[in-house]
Amino acid sequence: MSSILLIAIALALALGWALVRLGKQRQAVQRLQQAITRQQRLLRENLPGELGRGWDDLCEATSDLIDEAARLRELRAGHLAQLEATLGSLREAVLVIDGGNRVVLANQALQEIFPHAARILGQRLEAVLRSVPFLNCVEDVRHGAAEPQQEIEFVEGTQSTWVEVTGAPIPPLDGGKDPWALFVLHDITRQKKLEAVRREFVANVSHELRTPLSVIKGYVETLVDGHREMPLEDREKFLRTIARHTERLNSLLDDLLTLSRLESTNPGLRHELVSLPGLLNDILGDYRARPAAAAHRLHADIDATLDPLPLDPLKITQVIENLLDNALKYTPPGSRIDVLARARDGEIVVTVQDNGPGIPEADLPHIFERFYRVEKGRSREKGGTGLGLSIVKHIVQLHGGRAWVESTVGQGSAFHLSLPAKKAA
Ligand code: ADP
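Notes on the structure follow. Just so it is clear, the model here is predicted, and its values are computed rather than measured. (Residues numbered from 1 in each chain as written. Predicted model: local features only at pLDDT ≥ 70, side-chain atom pairs only at ≥ 80, totals over all residues. Heavy atoms only, no water.)

Let us look at the environment of T222. With respect to the helices and strands, T222 occurs in helix 6 (residues 189-226). Taking relative accessible area as the criterion, T222 reaches 37% and is therefore assigned partly exposed. Once you skip the residues sitting within four places of it in the chain, T222 turns out to touch H227, M230 and F238. (Helix = DSSP H or I, 4+ residues; strand = E, 2+ residues; numbered from the N terminus. Buried < 20%, exposed > 50% of the residue type's maximum accessible area, 1.4 Å probe, protein only. Contact = heavy atoms within 4.5 Å.)

Our focus in this paragraph is helix 11 (residues 388-398). In terms of burial, helix 11 is largely enclosed, as 8 of its 11 residues are buried. The inward-facing, buried residues of helix 11 abut helix 7 (232-263), helix 9 (313-330), strand 11 (402-408) and strand 12 (412-420). Positive phi shows up at G400, right after helix 11, with a value of about 80°.

Attention now goes to the nonpolar core. By size, the foremost hydrophobic cluster in this structure holds 47 residues, and its most contacted members are L276, I320 and L324. No other element matches helix 9, which puts 7 residues into this core. Here this core gathers at least three residues from each of two domains, domain 3 (193-262) and domain 4 (272-420). Non-local contacts of L276, meaning those with residues more than four positions away in its chain, are made with L309, L311, I316, I348 and V350. Counting residues in hydrophobic clusters, the runner-up holds 25 residues, among them A93, L110, I113 and L125. (Core = buried A, V, L, I, M, F, W, Y, C linked by side-chain atoms within 4.5 Å. Domains from an automatic or database assignment.)

A surface patch of nonpolar side chains, about 320 Å² in accessible area, is lined by L5, I9 and L13. Its location among the elements puts I9 in helix 1 (residues 2-38). A relative accessible area of 44% places I9 in the partly exposed class. (Patch = residues over 30% accessible without salt bridge, like charges linked within 9 Å, V, L, I, M, F, W, Y side chains within 5 Å. Areas by Shrake-Rupley, 256 points an atom, 1.4 Å probe, with all protein chains shown as cover. Salt bridge = Lys/Arg side-chain N within 4 Å of Asp/Glu carboxyl O.)

All right, on to the pairing of strand 9 (residues 336-344) then. Here strand 7 (residues 297-302) runs beside strand 9; their pairing, made up of 6 bridges, is parallel. Paired with A300 across the strands is V339, a residue of strand 9. Relative to strand 10 (residues 347-354), strand 9 is paired through 8 bridges, and the arrangement is antiparallel. Paired with D338 across the bridge in strand 10 is Q353. Taking the residues between adjacent antiparallel strands as the criterion, strand 9 and strand 10 are bridged by 2 residues, where D345 takes a positive phi near 50°. (Pairing = 2+ DSSP bridges.)

With that settled, the discussion passes to the sheet that holds strand 2 (residues 103-106). The strand order across the open sheet formed by 5 strands is 2-1-5-4-3, and the pairing between neighbours is antiparallel. With one partner strand each, in any of the chains shown, strand 2 and strand 3 (150-156) form the two edges of the open sheet. Each strand axis lies, on average, 30° off the axis of its neighbour in the sheet, ignoring direction. With 3 bridges connecting them, strand 1 (residues 93-97) and strand 2 associate as antiparallel partners. Following the sheet pairing, I97 is matched in strand 2 by V103. (Axes fitted to C-alpha atoms, helices over the stretch in contact; angles between N-to-C directions.)

Here you go:
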């Protein structure tokens, strides 16, 4: 009996000892976990005693690993700081993406291209630069399968930004297995817009030239084939139509040449000190003498005390004549045309105003664009090229001023141009 009791006591003692040891082991595992999570060295004296030799080695190995991780982190931060210092001041935009698609570096130039992505660092790429082609490009670059250079469009709301992207894979600075990707980006939005404008311009010019040319061609062919048996009356009618369309081609080429000269680096303006009231009165005198102006009522309200201005008199004459021509062309006979000139806030403002049909609000923002017409048929029938107001705008801008329009349908239009009162550009 007593031996059974002894065995039971021994078993109870062994169990108690085992439970105490188990408790210590559990506590030690928890400390180990905490140390790894917090990346703090694990000191043996912070663990319960009597855990066994294996724990001393484990403690030392964990601390070494934690030290190594800290060293790698520092190294990575050092590399990034070095990269940032080198690339940050570049004029080219630079972007570095890590293996997990997070932005690890974005220099100032990049933030200038994408102002909406101000806090881009540390963010996932797809959250800040929403462009599927660019995300695909990042993947391709990582796998060494990207085109050397790509043009990619980024759309943010209504804004479109075109960027030329060059990418290269780089070894991961965090010791991960997925390669990082480095990109140099070039903003080519302006270039793209200019290309679109040029394409549209060429298409417009071709269209404008084709219409009179095909009319001339048609009539000439008919005359070549049948002028002998054609009644004289028809022949004359045909020849007059050819002459009218030739004239139209001529005006179009004249206006195109004027525009291209004005847009060139040497627009050929000859500034001299000119009395604007004198110049305007001369232009109006010539206008009143024209039979075409007889059906309109032309009024002038020109401040005769305006100081002489440095301007190109021929070019400013062209501007005023263009505006007067339009007022005559687009208003019915009997309409009133006013020419006003006065000083206002350090500028001289000249206005050519009519009480004609006016221009719809939707057309107003485009009215100074090349080839823009409110009513295409009416403009062509009146011999318009659609380039007049564009020429006006360019000449005024070359004088350091601006041109704008105010108009109400049914009440009339007022075309204004301002010229700096003291100094021409
Ligand atoms: P166009 O050679 O066709 O006259 P412009 O550039 O001078 O070309 O004018 C552009 C368009 O603006 C015209 O086609 C016409 O529709 C409109 N416009 C210009 N001036 C007036 C005006 N005084 N009243 C009404 N519409 C006008």
